[in-house]
Amino acid sequence: MANPNQPWGPSDPAQGGGYPPQGGGYPPQQQAPGYPPQQQAPGYPPQQQAPGYPPQQQAPGYPQRALMGGGYEFDENANSIIGSAGTWTNVLGVVCILQAANSAAGSQHSYLGAAVNVAVGVLLVLAGVAFRNVVTTQGNDIAHLMTALSKLGTVLLIRIICLCLAAVFIVIAVLGVMAVGAAVSR
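Residues numbered from 1 in each chain as written. Predicted model: local features only at pLDDT ≥ 70, side-chain atom pairs only at ≥ 80, totals over all residues. Heavy atoms only, no water.

Visitor: What exactly am I supposed to notice about the overall build of the protein here?
Guide: For the protein, the count of helices and strands is three helices and zero strands. In the protein, the order of α-helices and β-strands from amino to carboxyl end is α-α-α. Burial analysis of the protein (186 residues in total) assigns 20% to the buried set. Sequence-distant contacts in the protein: of pairs separated by 6 or more residues, those separated by 24 or more amount to 62%. Of the roughly 13400 Å² of accessible surface on the protein, a fraction of 66% belongs to carbon and sulfur atoms. (Helix = DSSP H or I, 4+ residues; strand = E, 2+ residues; numbered from the N terminus. Buried < 20%, exposed > 50% of the residue type's maximum accessible area, 1.4 Å probe, protein only. Contact = heavy atoms within 4.5 Å. Areas by Shrake-Rupley, 256 points an atom, 1.4 Å probe, with all protein chains shown as cover.)

Visitor: Just to check I follow, could you spell out the environment of His144 for this structure?
Guide: Mapped onto the secondary structure, His144 falls in helix α3 (residues 141-185). As for His144 and Val129, which are separated by 15 residues in sequence, their C-alpha atoms are 9.0 Å apart. Look past the residues within four positions of His144 in its chain and what remains in contact with it is Ala130, Asn133, Val134 and Thr137.

Visitor: How should the environment of Ala104 be read in this particular structure?
Guide: Inspection of the secondary structure puts Ala104 in helix α1 (residues 76-105). We classify Ala104 as partly exposed; its relative accessible area is 24%. For the pair Ala104 and Ala114, spaced ten residues apart in sequence, the C-alpha separation works out to 5.7 Å. Apart from the residues within four sequence positions on either side, Ala104 is in contact with His109, Tyr111 and Ala114.

Below, the structure is given as structure tokens:
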């Protein structure tokens, strides 16, 4: 039963209640002078509105995107930059893995360093693959980009932890040498 004191209508959705249609939102996007008109990405059907939902509008100042399914596509210039980042990320990942093999098989057998380098190398290769997927696939550029950035964030976290641990060990070693030097000079 509807309560006339409730401006949003009856609270029972089965009776057609809920919130009334709201106006407002973002105004239609206008084309900036001197720029070509924005078009739907090639190979994608026109954007369809899901039945039963109010029409969605694009926020001003943001590139055109597919509102259903998130099918954003970068342009050729952005694809070139992202593809280059993917290539060099893959190269660095392979170099880290080769460095790990060298340190494990070398004369000093640094297994901890090798394990860190393998982990970093594998994460870099996975990030590079995700960057390359942005360029080579269609429809999920943002998802692939977020995967690549997540992997890179993990690589940076591993490196920061290793640097902090190395700094702690260096401070401990310097204090140990100073203590031994003070004991010997007595």
